[in-house]
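Tertiary structure, described
In case you want the letters, here they are:
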Amino acid sequence: MSALLSVAEVHIAYGKVEAVRGVSLEVGTNEIVTIIGANGAGKTTLLNAVMGILPLQGRTVFASEDMATLDIEDRVAAGLSLVPEHRELFATMNVEDNLQLGAFRIPKATAANSFERVYSLFPRLKERRKQLAGTLSGGEQQMLAMGRALMGAPKLLMLDEPSLGLAPIIVADIFRTIGELRAAGVSVLLVEQNAQAALQIADRAYVMELGEFVLSGAARDIASNQRVAASYLGFQHEGGSAV
Amino acid sequence: MTQRLPLIVFALVMALIPLVPGIPPFWIVLLDNIGLAALVAMGLVLLTGVGGLTSFGQAAFCGFGAYTTAVLTTAYGVSPWLTLPLSLLVSGIAAVLLGIVTVRLSGHYLPLGTIAWGIGLFYLFSKLEFLGRNDGISGIPPLAIGSYKMLSPGAIYCAIWIAVLISALLTMNLLDSRTGRAIRALRRGHIAAEAFGVHTPRAKLLVFIYAAVLAGLSGWLYAHFQRAANPTPFGPQAGIEYLFIAVVGGAGYVWGAVLGAGIVVILKEVLQSYLPYIFGGQSQLETIVFGILLVMLLQLAPSGVWPWLMAWLPLKAARKRPDTSLTLPARERAPTTSAALLQLDRARKQFGGVTAVNDVSFDVKAREIVALIGPNGAGKSTTFNLITGVLTATGGKIAVLGKDVEDAPPQEVVKLGVARTFQHVKLVPDMTVLENVAIGAHLRGHSGAVASMFRLDRADEAKLLAEAARQIERVGLTDQIDQLAGSLSLGQQRIVEIARALCVDPMLLLLDEPAAGLRHMEKQRLAALLRQLRDGGMSVLLVEHDMGFVMDLADRIVVLDFGTKIAEGTPDAIKKNPEVIKAYLGAAA
Amino acid sequence: MNTTILLFLLQDGITNGAIYALLGLALVLVFAVTRVILIPQGEFVTYGALSYAMLATGQVPGTAKLAVAMGLVAFGLDLFSARKSLHSRLVARAVAVDIVFPLAVCLLTYALAGPKTPIAVNIALALLIVAAIGLFLYRIAFQPIAHTSVLVLLIASVGCHLALQGLGLVFFGAEGLRGPALSSVALTAGSLRFTGQSLAVYGLAIAFIVALWLFFGYSLTGKALRATAVNRLGARLVGIRTTLSGQIAFLLASLIGAISGILIVPITTLYYDTGFLIGLKGFIAAIIGGLVSYPLTAVAAILVGVVEAFSSFYASNFKEVIVFTLILPVLVLRSLAAPAVEEEKD
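Counting starts from 1 at the beginning of each chain's written sequence and moves along it residue by residue. Whichever chain is written first is A, and whichever ligand is written first is 1; the rest continue in order. In view of the model being predicted, local features appear only for residues whose pLDDT reaches at least 70, and side-chain atom pairs are presented and counted only at 80 or more, with totals across whole chains, interfaces and linings using the full set of residues.

Secondary structure counts use DSSP, requiring at least four H or I residues in a row for a helix and at least two E residues in a row for a strand, with both numbered from the N terminus. Helix and strand counts for chain C stand at 14 helices and 2 strands. Note on method: radius of gyration uses C-alpha positions; expected globular size equals 2.2 Å times residues raised to 0.38. Computed over C-alpha atoms, the radius of gyration of chain C comes to 21 Å, within 12% of the 20 Å expected from 2.2 N^0.38 for 346 residues, which places it in the range of a compact globule. Reported as C-alpha extents along the three principal axes, the dimensions of chain C are approximately 70 × 65 × 35 Å. Considering only intrachain contacts with a sequence separation of at least 6, the fraction spanning at least 24 residues in chain C is 77%. Residues are scored as being in contact if the C-beta atoms we place from backbone atoms lie within 7 Å.

Set out below in structure tokens:
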């Protein structure tokens, strides 16, 4: 079976500085893949380039279609969706409008189903559907950002640091939902600094350092790797885990 | 010296141009016009490009300069040289009056406000009897030195370009100073600058007046160059054109003003004189082509021609490392007492009907690290803003070293030794790490704008930069000291903010999510630094979500939920507190 | 002062104010979606008004040819920017929008123009021409720099104003023009006389305000335009083409401008450069409305119109001084009311 998303030998540069150097990655259907690594390793850059926000050199194929000539809007239409690090919600519009716009590219009839699905994943959003997005708490905003992305019925959802700045109890909630997406037929590419939580739900993982993948494999193997444990997971203090 | 060399070369070239045999006098007229426009644009570079205050009204200030000398020399027979200070004074006073209203405007209101008074003043100039209404005032005497009258364009050329060169030098000196850093920080919002003692309305008014005085100088020269003054060159169209010049040249660059003036003035002249030949006398054609060319130019180089040009030149100024042996006097620290350094007593903040901080009380003692934790929206950052004076409390008491600060502005709170970092990093991305950190030492320097312009601030400046360099070394970013802050990773930028806060020589350090974006080993290094600071006598209050980091580091923890304090205690006690587990930590912890 | 004068001045002020309101709305719309402060709005007014006036005399205005020329440039830009991925669908769209549409409008104008053409046809033609110009103006001048700062967009906007105003002189000459009234009905109430024209002004102004409110509040396209205004990247990430939003905003703005022009040209003589000052007054209203609020902009526009009418009666010399300094106190109040902390949240 061919991969849903396949990225081969990708280079991304800001001016003269190469932020991503020769990276290859695959995400299969119904798979959760995570990229872990420190801030500045190039994870966000890679996601943004795959989405078409940044230009890249190399080959990216999504759902058997070469994406080189597609812009962001075309990629959305093809079933690729990104929840960016800063969420980029429509702050002065209410929850319902945000979600409705998430379904901008799909037929009206399908959008009704999407609403139901998103509200059942995030019941909290239904309670708040008339509230302005900008007045939601951080956790709710993350849910709304994910919900908005899911409204377009994507085949692959890319999540950039969904746990950033959230309370541990909310983080657990968010990760539980990410796990549920697989059952709903959505593949996930997850960029995360909270390596421990990410490795728990992922099938496979890539470790990124200074713009390159230094390690990849089954999430279970990566989690037990000595080097990863030392630099990303930290040796656990009693009761003080990151999640 | 590296900065001076191009200036000297440029001055020499400009001095030699009139001496070139056979140069058409018409070229000299063009250069005069370029110089006059460059003066106004230079003010706009400081005001708009650097300070972020867009003004369409600069032409009106030229009008104040020109009409002042026009009225005084023609109606009262005052000597032109005597009217120079008066012209500058009138422009300056007009700027103070308009500025007091204008600089308070925020966002887009400011440029729009300047359009409004720019047009209003234009109509005022053209309706007032003593300014000659639409006809203006003619018969203004030329500038003269002894019996030598500057009648020809070549004669006034020297006066104009000396003015341009001196203004450029003073402007660059100003930008490269304590005041300059405060001005450069304005564009990124006022909150960060004010947290380090910069009086932002005053800094804005200062650039506003500076730009107006430069425009007044240009107007004064213009009046004696044209020997007449009428409202047209001081109207809204001219105001827009000056802004063009600044933007086309490169709005953030002093030399961009001169380059932009050259491009726009020459372009207009060429179009006016040659287009009629090509297209057979169609009037207004030059406006059409000028407009189209302008739009095209902006599409090719949206940030202006000067930076675009500089990118092609392999010129790179070598930066001098500050001499770190110079020191600033340290803050007097009271001997260790058990009294609280920071005391919140039923602090309360309401936004409309929402209570963001609900009667919260806690304290931070000397040599103590206290962590403030809680879900998003629990009121942690609002609490920080109440302590640092960004927000005014709706009720309750907040005291630093026994002094009430709940109504004090940020500039006063920082004087007491409270320094902070921000959840959303607030650095000036196009300033170097060193310059950003030096803003932290703002209150520990004393040189003003005028001293900086004439380079009388160097001893003071060297000490400030030395302090900044020392703090950068302390947080371990010496390798990045000359990089632009915007080029650093978010995690490093947070560390730069800590260095900036340390430059205050604080008693109490407020850190808003300092560990976000750091990897495990970097977090441990940060924790070690904070412990070292505590052992050196500093107190730390921090907001952080990484529980491993917090539980390890903090002496005490305060937990907020929905604006209310639900728990306070040692890390061990907090970990076991059922209410905290339910509201925040969850079962996983 | 007697009541007749008072009422007359009020009526005059409200009529002008309604026009300023329309222009103010268009400015708010364009700014919200594209961040462009639309200085050439005044040119849309004069182009609409004078194209209509010329059509009424049976001549074809030069603006029809301008629309074709701008379409050609837009076509070139469309092809160039899509050079790496030229689908046939994309090319077909470019041909249809950039070539066929303006060419059809231009040919239609040549075919229909004549001394006997009905007023309604002339109005429709004038509107089509200006709408095309508005659409292509965004494509040519603003779309390539859509990501830059408000200041750069503003300067480009001024450049467009200069070019269009210069072209206006070429097309319409330095002489002023007046157009025929839309209707000759008139009714009197007490000492006041309402012409069909002024009633049309009120009616259209109200209709537009309501229509815009409905459009932005309830239609998906309207919401998408708002979303673009609130967060460009966010809008792109849900698949809204921001370039299309910008084009729609400019299309609407140019239509509104042209309608305003057609409404006033029977009342006052318009010159090629009159639009700038009219646009600026709509601008004042938009500023008072804070560039965000439609109802506030409409109220402010009426206020500007009334103040203008009264000051031209009592201090005609200082009319403009008064109108333009009117907004300073408003601006101060507005920015004092604005929150001090913008993005500081937990």
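Moving on, we come to the overall build of chain B. Scanning chain B for helices and strands turns up 23 helices and 14 strands. Reported as C-alpha extents along the three principal axes, the dimensions of chain B are approximately 90 × 50 × 50 Å. Any residue surrounded by 20 or more other C-beta atoms within 10 Å of its C-beta is treated as buried, while 12 or fewer makes it exposed and the intermediate range makes it partly exposed; C-beta atoms here are placed from the backbone. Within chain B, the fraction of its 589 residues that count as buried is 55%. Counting contacts in chain B only where the partners sit at least 6 residues apart, residues at least 24 apart contribute 74% of the total.

For the rest of this paragraph, the subject is the pairing of strand β1 (residues 5-14) of chain A. Residues and elements named next belong to chain A. By definition, two strands form a pair when at least two bridges between them are found by DSSP. As paired elements, β1 and strand β4 (residues 57-62) share 5 bridges and run antiparallel to each other. Residue pairing across strands places valine 7 opposite threonine 60, the latter belonging to β4. Taken together, the 7 bridges between β1 and strand β2 (residues 17-27) define a ladder with antiparallel strand orientation. Paired with serine 6 across the two strands is glutamate 26, which belongs to β2.

Now for helix α4 (residues 80-102) of chain B. All names here are of chain B. Here, expected helix span is obtained from the residue count minus one, scaled by 1.5 Å. Here α4 spans 31 Å end to end across 23 residues, near enough to the 33 Å set by a 1.5 Å rise per residue. Considered for burial, the residues of α4 that qualify are Thr83, Ser87, Leu88, Val90, Ser91, Gly92, Ala94, Ala95, Leu98, Gly99 and Thr102. Taken together, the buried residues of α4 touch α3 (58-75), α5 (109-127) and α9 (200-226).

Between chain A and chain C, the contact holds 22 residues from the first and 18 residues from the second. Looking at the side of chain A that touches chain C, the elements that each hand over two or more residues are α2 (72-78), α3 (95-102) and α6 (138-151) of chain A. Tallied by class, residues from the side of chain A that touches chain C come to 11 nonpolar, 6 polar and 5 charged. Note on residue classes: Ala, Val, Leu, Ile, Met, Phe, Trp, Tyr, Cys and Pro are nonpolar, Asp, Glu, Lys and Arg are charged, and everything else, Gly too, is polar.

Let us look at the pairing of strand β13 (residues 556-561) of chain B. Residue and element names in this part refer to chain B. Burial of β13 is extensive: 5 of the 6 residues sit out of reach of the surface. Pairing of strand β7 (residues 369-373) with β13 involves 4 bridges; the strand directions are parallel. From the neighbouring strand, isoleucine 373 faces β13, where its bridge partner is valine 559.

All names here are of chain B. If you check the domain split of chain B, you get domain 1 (30-258), domain 2 (337-417 + 509-589) and domain 3 (427-505). What marks off one domain from the next here is an automatic or database domain assignment. Each of domain 1 and domain 3 has a C-alpha centre, and these two points are 31 Å apart. The interface of domain 1 with domain 3 comprises 17 residues on the first partner and 19 residues on the second. For the side of domain 1 that touches domain 3, the secondary structure elements donating two or more residues are α6 (153-175) and α7 (178-186). If one sorts the elements of the side of domain 1 that touches domain 3 by residue count, α7 sits on top with 7 residues. For the side of domain 1 that touches domain 3, the class distribution of residues is 8 nonpolar, 5 polar and 4 charged.

Glancing now at the sheet that holds strand β5 (residues 65-66) of chain A. Residue and element names in this part refer to chain A. A sheet is described by the order of its strands in space; here 4 strands give the open sequence β2-β1-β4-β5, paired in antiparallel fashion. The strands lining the two open edges of the sheet, one partner per strand, are β2 and β5. To define axes, lines are fitted to C-alpha atoms, for helices over the stretch in contact only, and angles between the resulting N-to-C directions are given on a 0 to 180 degree scale. Helix α1 (residues 43-51) rests against β1, β2 and β4 of the sheet, and its axis sits at about 115° to β1.

The next thing to look at is the nonpolar core. Any set of buried Ala, Val, Leu, Ile, Met, Phe, Trp, Tyr and Cys residues joined through C-beta atoms within 7 Å is what this text calls a nonpolar core. Ranked by internal contacts, the top residues of the largest apolar core, which has 392 residues, are Ala41(B), Val45(B), Tyr242(B), Leu22(C) and Val30(C). With residues near it in sequence (within four places) discarded, Leu22(C) still touches Ala205(C), Phe208(C), Ile256(C), Ile259(C) and Ser260(C).

Moving on: the confidence of the model for chain C. Residue and element names in this part refer to chain C. For chain C, mean pLDDT is 86; residues scoring 70 or higher make up 95% of the total. Predicted confidence for residues 339-346 stays below pLDDT 50, and this span has 16 contacts to residues more than four positions away or in other chains. Model confidence for the complex is summarised by a pTM of 0.82, with the ipTM given as 0.90. The predictor's confidence in any single residue is recorded as pLDDT, a number from 0 to 100.

The interface is formed by 40 residues belonging to chain C together with 44 residues belonging to chain B. Among the elements of the structure, α6 (150-172), α11 (274-288), α13 (319-325) and α14 (327-337) of chain C are those that each provide at least two residues to the side of chain C that touches chain B. If you tally residues by element for the side of chain C that touches chain B, the top one is α6(C), at 15 residues. Split by residue class, the side of chain C that touches chain B holds 27 nonpolar, 7 polar and 6 charged.

Residue and element names in this part refer to chain A. Spatial ordering of the open sheet is given by β6-β7-β8-β3-β9-β10, a layout of 6 strands whose pairing is mixed. In this open sheet, the two strands that pair with only one neighbour each are β6 (80-83) and β10 (212-218). Here the average twist between neighbouring strands, direction ignored, is 15°. In terms of strand pairing, strand β3 (residues 32-37) meets strand β8 (residues 187-192) through 5 bridges, oriented parallel.

Once that is clear, we can look at the packing of helix α1 (residues 3-34) of chain C against helix α7 (residues 196-218) of chain C. Residues and elements named next belong to chain C. Running from N to C, α1 and α7 cross one another at 30°; their axes reach a closest spacing of 9 Å. In terms of axis orientation, α1 runs roughly parallel to α7. Of the two possible hands of crossing, α1 and α7 adopt the one that is left-handed. Judged by residue contacts, Thr15, Ala18, Ile19, Ala21, Leu22 and Leu25 of α1 engage Ser198, Val201, Tyr202, Ala205, Phe208, Ile209 and Leu212 from α7. Across the contact of α1 with α7, the residue classes break down as 11 nonpolar, 2 polar and no charged. Oblique is the label for any angle not covered by the other classes, which are roughly parallel (under 35 degrees), roughly antiparallel (over 145) and roughly perpendicular (65 to 115). Should the near helix be turned anticlockwise from the far one by less than a right angle, the crossing is left-handed, and should it be turned clockwise, the crossing is right-handed.

As a further point, take the environment of Arg444(B). All names here are of chain B. Note on placement: arginine 444 falls in the loop between α16 (433-439) and α17 (449-453). Using a count of 21 C-beta atoms within 10 Å as the deciding quantity, one classes arginine 444 as buried. Placed 247 residues apart in sequence, arginine 444 and glycine 197 show a C-alpha to C-alpha distance of 9.7 Å. Every residue in contact with arginine 444, bar those within four places of it in the chain, is listed here: Leu328, Leu464 and Glu467.

A word on helix α12 (residues 294-314) of chain C. Each α-helix turn comprises 3.6 residues. Residues three or four places apart therefore point the same way. Residues and elements named next belong to chain C. Over its 21 residues, α12 extends 30 Å from the first C-alpha to the last, a length consistent with the 30 Å expected when each residue adds 1.5 Å. Within α12 the residues assigned to the buried category are Tyr294, Thr297, Ala298, Ala300, Ala301, Ile302, Val304, Gly305, Glu308, Ala309 and Ser311. Contacts made by the buried residues of α12 are with α1, α7, α11 and α13.

This part takes up the environment of Arg128(A). Residue and element names in this part refer to chain A. Take arginine 128: it is sitting in the loop between α5 (123-127) and α6. Looking at arginine 128, the number of C-beta atoms within 10 Å reads 20, which means it is buried. Placed 10 residues apart in sequence, arginine 128 and valine 118 show a C-alpha to C-alpha distance of 13 Å. Setting aside residues no more than four positions away along its own chain, arginine 128 makes contact with Val95, Leu136 and Glu140.

Take the packing of α3(B) against α4(B) next. Residue and element names in this part refer to chain B. Taken N-terminus to C-terminus, the directions of α3 and α4 make an angle of 140°; their axes are 8 Å apart at the nearest point. As the angle between them shows, α3 and α4 are arranged oblique. The two elements α3 and α4 cross, and the hand of that crossing is right-handed. Counted together, Phe61, Phe64, Gly65, Thr68, Thr69, Leu72 and Thr73 of α3 and Pro80, Thr83, Leu86, Ser87, Val90, Ser91, Ala94 and Ala95 of α4 form the full contact between these two elements. Among the residues making up the contact of α3 with α4, the classes are represented as 8 nonpolar, 7 polar and no charged.

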